[in-house]
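Letter by letter, the chains look like this.
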Amino acid sequence: MSFINYSSREINCKIVYYGPGLCGKTTNLQYIYNKTNPEAKGKMISLATETERTLFFDFLPLSLGEIRGFRTRFHLYTVPGQVFYDASRKLILKGVDGVVFVADSQEERLEANMESAENLRANLKEQGYDLDQIPYVIQYNKRDLPSAMPLAELQSLINPTGNVTEFEAVARGGKGVFDTLKTIARLILIELKRGSR
Amino acid sequence: MIVACPSCKAKFRIDEGRIKPPGVRLRCARCQNLFAVRKRVVESAAPVGPPRESVDPAQGNAAEGRGRILVAHGEPVVAAAMRGALEKANYEVLISGDGVDALMKIQRERPGVAVIDVALPKMYGFEICEFLKRNESLRYVKVILVATEHNQGRYRRTPENYYGADDVVEESEIPGELAGKVHRLLHGGEDAGATVEPPGSAPGIDHEAAAGLVEPAAAEIAAQPEERPFAEPEDPLPEPERVTAEDDPRKEMRERARRLARIIVSDIALYNPEIVEQGLRSGGLPALIRDDLEEGYKLFRSRIDEAVAAESDFIREALDAFVDRKRRDLGIPDDAEAGTDPADDEHAVADDIPSAEFGTGHDDF
């Protein structure tokens, strides 16, 4: 749930990048961070354990547009993708305004994608969200690898209804990264303007 | 038709009538690997651009464009690097910046080799590769796919899985290796296709047989003439898997348990590549990843119905299948005691897991 800071006249929104381990969530954020105006962004915080796993989140606020005189500030988070860290994922999902699901296009990770997508839906449900109702975008990452599965096959499993906006991406090189971000930001802004929450 | 598991190479005979468009996913009965199979395509999709006269695949286009190389890459800098490397070796180089243009140029200019970035704009390189290999009149074009350099060795596909490509080059290898790979594909040589088995290694069979099967896994099967009596598969034909086809709830839960176990093993391997490789080579992998396995068992028991979980050691089974597959990939001989150390009883490990719930220390997040 977004919150409004009246003193700074800002609406703060939370976007969570979700997906299986090493699918490119952090790479997305790093690319966005590197390409964002320094004045528009806060400090990126990356927390990892001694085993080099991304355990908590990367934090990146940046400003995009205004609503009724209030600037919107987006906070971008990633979740730890490994199947083990469900407790952390649940915590990071709290108060989410929009979700980007980053799928790893490689065949070897197909089951991990499906598990993560199901896990996302279940964790949101626990917190009273319906994945079909909140701003949600799917990104098929790592399209540059020869092991990438045909898009149609991924779509049939991860976006079977075809109702979710989706992008192909090569996050390392930035392809599709800002398309994904702009779309999820736009969907969140539409929700805010509707005042439905 | 005959299909082969891309992971363990086990071959199966399957009735083509059971393969509905756009294809089915099969699980290998031997190694449990999931792979896609599509129906063979006799006539490929309509080519882009005007149709050309058919070229005798056996002759290739030797007279026309043997020394002509098409280079297709979305990044001009990389394309220029490839052009430089090939021109230095006296090849005539054509440049293309996107997939559609590349395909048109291939049909029009008839290059001997096409060096194609896998992530080309407009049409991916692997799609072009599949198209060329399915098209009788273009099959002679040797294809080298350009892959982004990536240091995650665990993700490299086995050679026959590169969409039927003749070879693969990573961007960092372009200056040193591209010209040599092109030369070997055009003129033959022991090392042709350092990472991909050269289809030309079996003259007269390769391209004929490579026709039609879309899935890269078919590359190896394709080397078998269709009429040849095929050895009986060592394993029974796996049933095509349908995600929603589970009628028996228990069966569904069992499959979910297997899937979760595979993901747990996959995640452990993903985050511990060096340790896993060490374990595969030296033996005793379970002992080396003991802590992660403990976490895995704990997670597994928290997610899977107790009765189903008690049916079998799903994680151990997934680990064994993983070890078998990786040992084959790494070329570790079967007699090596790698992976499944009999002295290490994971059941005992699992039973000894502390009861504290993971994640309770994160509440101040």
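Residues numbered from 1 in each chain as written. Chains lettered and ligands numbered in written order. Predicted model: local features only at pLDDT ≥ 70, side-chain atom pairs only at ≥ 80, totals over all residues. Heavy atoms only, no water.

## A short note on the overall build of chain B
Selection criterion: Each helix is a run of DSSP H or I of at least 4 residues and each strand a run of E of at least 2, with the numbering of both proceeding from the N terminus. Note on exposure labels: buried denotes an accessible area under 20% of the residue type's maximum, exposed denotes more than 50%, and partly exposed covers the range between, all computed with a 1.4 Å probe on protein chains only. We call two residues contacting when some pair of their heavy atoms lies within 4.5 Å.
What chain B contains, in helices and strands, is 14 helices and 10 strands. Counting only residues that meet the buried cut, chain B has 50% of its 365 residues in that class. Counting contacts in chain B only where the partners sit at least 6 residues apart, residues at least 24 apart contribute 67% of the total.

## Some words on the side chain of Asn12 of chain A
Residues and elements named next belong to chain A. Going by this rule: Each polar contact in these results corresponds to two N or O atoms within 3.5 Å; when the atoms are within protein, one needs to be able to donate a hydrogen and the other to accept it, and residues that are neighboring in sequence are counted only if both atoms are side-chain atoms.
Tracing the sequence through the fold places Asn12 in strand S2 (residues 10-18). Engagement of the side chain of Asn12 in a polar contact is seen with the side chain of His75, the distance being 2.8 Å. Not counting residues up to four positions away in its chain, the partners in contact with Asn12 are Ser2, Phe3, Asn5, Arg73, His75 and Asp97.

## Re the pairing of strand S8 (residues 142-147) of chain B
All names here are of chain B. As a reminder, the rule being used: Strand pairing is assigned whenever DSSP identifies at least 2 bridges connecting the two strands. Orient the strands so they point away from the viewer, and a crossover whose first-strand-to-second-strand path over the helix runs clockwise is right-handed.
Across the six residues that make up S8, a large majority, six, are buried. Covered by surrounding structure in S8 are Lys142, Ile144 and Val146 together with Val143, Leu145 and Ala147, the residues of both alternating faces. Sheet analysis places strand S7 (residues 113-117) next to S8, joined by five bridges and oriented parallel. Each bridged residue has a counterpart across the sheet, and for Asp117 the counterpart in S8 is Val146. Regarding the hand of the β-α-β motif, the stretch spanning S7, helix H4 (residues 125-134) and S8 is right-handed.

## Points about helix H5 (residues 177-194) of chain A
Residues spaced three or four apart along an α-helix face the same direction, because each turn holds 3.6 residues. Going by this rule: In this scheme, a helix's expected span is set at 1.5 Å multiplied by one less than its residue total.
Given a rise of 1.5 Å per residue, 18 residues ought to cover 26 Å, and the 26 Å separating the end C-alpha atoms of H5 of chain A matches this to within 8%. When we look at burial in H5 of chain A, the residues that qualify are Val177, Thr180, Leu181, Thr183, Ile184, Ala185, Ile188, Leu189 and Glu191 of chain A.

## Side note on the sheet that holds strand S5 (residues 68-72) of chain B
Residue and element names in this part refer to chain B. Applicable threshold: For helices, the fitted axis covers only the stretch in contact; all axes are lines through C-alpha atoms, and the angles between them, taken along N-to-C directions, range from 0 to 180 degrees.
Overall, parallel pairing links the five strands, which are arranged S6-S5-S7-S8-S9 in an open sheet. The open sheet terminates on both sides in strands that have one partner only, identified here as strand S6 (92-96) and strand S9 (167-170). In this sheet, neighbouring strand axes are inclined to one another by 20° on average, regardless of whether the strands run parallel or antiparallel. Note that S8 and S9 share four bridges and pair parallel. From the neighbouring strand, Val146 faces S9, where its bridge partner is Val169. Its contacts with the sheet put H4 on S7 and S8, and the angle it makes with S8 is roughly 165°. Its contacts with the sheet place helix H5 (residues 174-187) against S5, S7, S8 and S9, and it is angled at close to 170° to S9.

## Comments concerning unusual backbone geometry
Excluding glycine, residues mostly carry a negative phi; peptide bonds, for their part, are mostly trans. Residue and element names in this part refer to chain B. Despite not being glycine, Asn90 has its phi angle at roughly 70°, a positive value. Among the structural elements, Asn90 can be located in the loop between helix H2 (76-88) and S6. One non-glycine residue, Arg110, lies in positive phi territory at about 55°. Residue position: Arg110 is located in the loop between helix H3 (99-109) and S7. Overall, Arg110 belongs to the buried group, its relative accessible area being 1%.

## A word on the packing of helix H11 (residues 290-303) of chain B against helix H13 (residues 314-330) of chain B
All names here are of chain B. To keep it simple, the criterion reads: When an angle is under 35 degrees it counts as roughly parallel; over 145 it counts as roughly antiparallel; between 65 and 115 it counts as roughly perpendicular; any other value is oblique. Note that Gly is not counted as nonpolar here; it falls among the polar residues with everything else outside the nonpolar set of Ala, Val, Leu, Ile, Met, Phe, Trp, Tyr, Cys and Pro and the charged set of Asp, Glu, Lys and Arg.
Between H11 and H13, the shortest axis-to-axis distance is 10 Å and the interhelical angle comes to 130°. On the basis of the axis angle, H11 is oblique to H13. Residue-level contacts link Leu293, Gly296, Tyr297 and Phe300 of H11 to Phe314, Ile315, Arg316 and Leu319 of H13. For the contact of H11 with H13, a count of residues per class yields six nonpolar, one polar and one charged.

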